[in-house]
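Here are the chains, one letter per residue:
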Amino acid sequence: MPPKLTTDQIQERLNLWRDLGCSSSKLADALGMDRRVIDRFLDRHAREEKIVSMGFIEQTTPVKKHLPKKGKVKRYLLSCAQNNTEVMGSFLKNLEAYAKHLDAEILISGFTYNRTALNTKNEKHGTGDTTPSIGFVAEVDKYITSDLVMLAPTLAFCANMQILPTAVNPVSGLQDYTGRASSIIPHVKVRMEPVGTAKDEPTKHLYTTGTVTKKNYIQQKAGQKAEFHHVFGALVAEVESDGSWHVRQLCANDDGSFDDLRHHVSDGEVSINDGVAAIQWGDIHEQNIDPVIEKMFWGEDGVLDSLQPDYQIFHDLVDGESHNPHEQKNHHKQYANFLNGRNSISREFDSARAFLDDKVYRDWCQSIVAWSNHDEFIRRYLAATDYRKDHENARFILQLENETYAALEEGREPEIFATALSSKTARVLNNDNESFYIEGVQIPFHGHTGVNGSRGSVALFAKMGAKTMTGHSHAAWWINGATSAGTCSLLDLGYNHGFSTWSHTFTVLHHGGKRQQVTANIKTRRWHGG
């Protein structure tokens, strides 16, 4: 505990405060202390004088980090820590080892909780706080920051935030905080959600960090719920010289080890792992796939060959443009399809099959095609269309009708989409009625249907209890145990008017069940900092 101030020292501080225009922030800067500590000092020794001098033009001044030199990447490991709470096992030591390996800077935001047990207020703790009994364990204290840190012009680490660990949605109301810049919010949960952004700009995202400290909750409902969702984790942020950036989650295993792409960090050592368990790509929409993404993900030295997954999971493989039930009565769209040669169902499935069996096939990776709403288009088309009036597709329709009638006679569910696709390499799921787990995570759900046939959403899947990896939204989400990947398609498909939440994000599932959301940047043609 710092020594008690003498009367002369108190008066000296008060005189300096007056000389600085009665500004507590300027006094804090002059003394190298946190402004909240200064505010408490003024409350004790100059309360009446302070009352008439309160107010700031800018109460929070961002700290701006310099961008790296051209061709370089600057990296940060970001997390949070609770006051008076021990560090989780070897997790922080492993973060330190990884920081050394990456030449990264560790920044940890301190938050306070259950201060009433220490007879204090629930306020943001800052460096230099002299409140008795409040502080952080020595291992994290040297990394603590309480600033709003601009890691890049469009990426902010909001270490100034004091959000209780019991908050159900820690990013609630913060969608417009930091303006157009994406926000990293210090919190014990792991969460990610998109914010509507102009389609020609990278999508704004809100991230939370996870924590390096142990579970330490009041054993009542709010605390007990928070304990369940408490994640030992951090974020890695990679900033490039042009201001572009990449952010990924680092979720610790029970022993404090963690994986980041192909790196495994355990016992203070960094090694190369044996590849990942699975990659769930963003919705494919093969007819409208972004060619930059296709090359980045499946081309030479692309994501697939770099991460070496045991499984790769495809959602909305076929766009269904040739037989979209929503556009069958739109004669302008049908004529455009005719002019562009996109009115043939068989050609669309031929193209999807070639993509699946040739372009993306690897003999060491099992491809899984999840049952999706765009795949369902072919069932709906067969049920409603008269082949005699669709000369382009008549023979293909009759082939699928033969499978349908045979299945009905045999008392089984028709495998219409699998028959149309006829892939020689992939496992094609015909529905989402059966469980399919990879490393403890359910993977057969596309996300368009929820409970009892209702409309699905990531928020709904987050309430299911089972961990899930879904698609459908074209936007990157992470709520509790539910993640949703983005899309591999062009980011403007004509029907997503106005601001957009879409992004080229895929989900990585590691051996052991921990996940990462990885977002590619088509402008820089990079999916990580290199």
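As shown above, the structure is provided for reference.
As the structure is a computational prediction, the values presented were derived from the model and not from experiment. (Residues numbered from 1 in each chain as written. Predicted model: local features only at pLDDT ≥ 70, side-chain atom pairs only at ≥ 80, totals over all residues. Heavy atoms only, no water.)

So, the overall build of the chain: which residues are in play, and what are the values?
Looking only at helices and strands, the chain has 15 helices and 25 strands in total. When its C-alpha atoms are laid out on the principal axes, the chain stretches across 100 × 50 × 45 Å. Per-residue burial for the chain yields a buried fraction of 54% across its 530 residues. Of the contacts made within the chain by residues no fewer than 6 positions apart, 65% connect residues no fewer than 24 positions apart. (Helix = DSSP H or I, 4+ residues; strand = E, 2+ residues; numbered from the N terminus. Buried < 20%, exposed > 50% of the residue type's maximum accessible area, 1.4 Å probe, protein only. Contact = heavy atoms within 4.5 Å.)

Which residues make up the layout of surface pockets, and what are the values?
Its volume calculated, the largest pocket comes out at about 940 Å³. Taken together, 37 residues line the largest pocket, and the ones lying closest to its centre are F228, H229, V231, N480 and G481. The element that contributes the greatest number of residues to the lining of the largest pocket is helix α7 (residues 221-229), accounting for five residues. Among the residues forming the lining of the largest pocket, the class breakdown is 19 nonpolar, nine polar and nine charged. Here the second largest pocket is characterised by a volume of approximately 800 Å³. Together, 40 residues line the second largest pocket, and E201, P202, T203, K204 and N521 are the ones closest to its centre. Contributing elements (two or more residues each) for the lining of the second largest pocket: β9 (204-208), β11 (245-251) and β25 (515-519). With four residues, the single largest contributor to the lining of the second largest pocket is β11. Looking at the lining of the second largest pocket residue by residue, the class counts come to 15 nonpolar, 17 polar and eight charged. (1 Å grid on protein atoms, 1.4 Å probe; cavity = no way out; pocket = protein on both sides within 12 Å on 5 of 7 lines; lining within 4 Å. Points joined across faces, edges and corners; volume = space filled by probe spheres on them. Nonpolar A, V, L, I, M, F, W, Y, C, P; charged D, E, K, R; others polar.)

Summarise the state of the cysteines; cite the residues concerned and give the values.
In this structure the tally under the stated criterion is zero disulfides. Cysteine C158 is unpaired, with the sulfur of C80 as its nearest cysteine sulfur at 13 Å. Relative accessible area serves as the criterion here: at 0%, C158 is assigned to the buried category. (Disulfide = S-S within 2.5 Å.)

Run through a negative patch on the surface, naming residues and quoting values.
Judged by side-chain charge, D254, D255, D267 and E269 come together as a negatively charged surface patch. With respect to the helices and strands, D255 occurs in the loop between β11 and β12 (258-260). (Patch = residues over 30% accessible without salt bridge, like charges linked within 9 Å, V, L, I, M, F, W, Y side chains within 5 Å. Areas by Shrake-Rupley, 256 points an atom, 1.4 Å probe, with all protein chains shown as cover. Salt bridge = Lys/Arg side-chain N within 4 Å of Asp/Glu carboxyl O. Lys, Arg positive; Asp, Glu negative; His and termini not counted. Charge placed at Lys NZ, Arg CZ, Asp CG, Glu CD.)

If you had to explain the nonpolar core to someone new, which residues and values would you point to?
The biggest cluster of nonpolar side chains holds 42 residues, and the ones touching the most others in it are W281, F297, W298 and F506. Going through the elements one at a time, α8 (291-298), α9 (303-307), α11 (345-359), α12 (377-384), α13 (394-410), α14 (416-421) and β24 (505-509) are the ones with two or more residues in this core. Here W281 is in contact with F297, W298, V303, L304, Q312, I313, F314, A485, C488 and F506, once residues within four sequence places are set aside. Judged by nonpolar contacts, the second largest core, of 26 residues, contains L102, Y143, A234 and V236. (Core = buried A, V, L, I, M, F, W, Y, C linked by side-chain atoms within 4.5 Å.)

Now, about unusual backbone geometry: what can you tell me, with residues and values included?
In this model, D267 sits at a positive phi of 55 degrees, which is unusual for a non-glycine residue. Relative to the elements of secondary structure, D267 occurs in the loop between β13 (263-266) and β14 (269-272). Positive phi, close to 45 degrees, is recorded for D316, a residue that is not glycine. Residue classification places D316 among the buried residues on the basis of a relative accessible area of 1%.

Account for the pattern of salt bridges, naming residues and giving values.
One pass over the full model with this rule turns up 19 salt bridges. E201 is the salt-bridge partner of R180, the closest N and O atoms lying 3.2 Å from each other. One end of the pair, R180, is in the loop between β6 (155-158) and β7 (182-185); the other, E201, is in the loop between β8 (191-195) and β9, and 21 residues separate them in sequence. Exposure remark for R180: the relative accessible area of 67% places this residue in the exposed category. When its relative accessible area of 29% is taken as the criterion, E201 is described as partly exposed. Taking the shortest distance from any N to any O, the salt bridge between R191 and E193 comes out at 3.2 Å. When its relative accessible area of 11% is taken as the criterion, R191 is described as buried. Look at E193 and you get buried, because its relative accessible area is 6%.

Can you lay out the environment of K389 for me, pointing to particular residues and giving the numbers?
As for its position among the elements, K389 is in the loop between α12 and α13. The sequence separation of K389 and A407 amounts to 18 residues, and the corresponding C-alpha distance is 25 Å.

Tell me about the packing of aromatic side chains, residues and numbers included.
Counted according to the given criterion, the structure contains 18 aromatic pairs. Grouped by ring-pair contacts, the aromatic residues W281, F297, W298, F314, F355, F506 and W527 constitute a single cluster. The lysine or arginine in question, R13, covers the ring of F41, its NZ or CZ lying 5.5 Å from the ring centre. (Phe/Tyr/Trp six-rings, centres within 6.5 Å; stacked < 30°, edge-to-face > 60°. Lys NZ or Arg CZ within 6 Å of the ring centre and 35° of its normal.)

Can you break down the packing of α12 against α13 residue by residue, with the values?
Two elements in contact, α12 and α13, have axes whose closest approach is 11 Å; the angle formed by their N-to-C orientations is 95 degrees. Classified by the interaxial angle, the pair formed by α12 and α13 is roughly perpendicular. Contact with α12, carried on its side by I378, Y381 and L382, involves I397, L400, E401 and T404 of α13 and no other residues of that element. When grouped by side-chain class, the residues that make up the contact of α12 with α13 number five nonpolar, one polar and one charged. (Axes fitted to C-alpha atoms, helices over the stretch in contact; angles between N-to-C directions. Parallel < 35°, antiparallel > 145°, perpendicular 65-115°, else oblique.)

With reference to specific residues and values, describe the packing of helix α1 (residues 7-19) against helix α2 (residues 24-31).
Where α1 meets α2, the closest approach of the two axes is 9 Å, and the angle between their N-to-C directions is 125 degrees. Relative to α2, α1 is oriented oblique. The chirality of how α1 crosses α2 is right-handed. Two secondary-structure elements touch here, α1 through R13, L16 and W17 and α2 through S24, L27, A30 and L31. Looking at the contact of α1 with α2 residue by residue, the classes come out as five nonpolar, one polar and one charged. (Left-handed = near helix turned anticlockwise from the far one by under 90°.)

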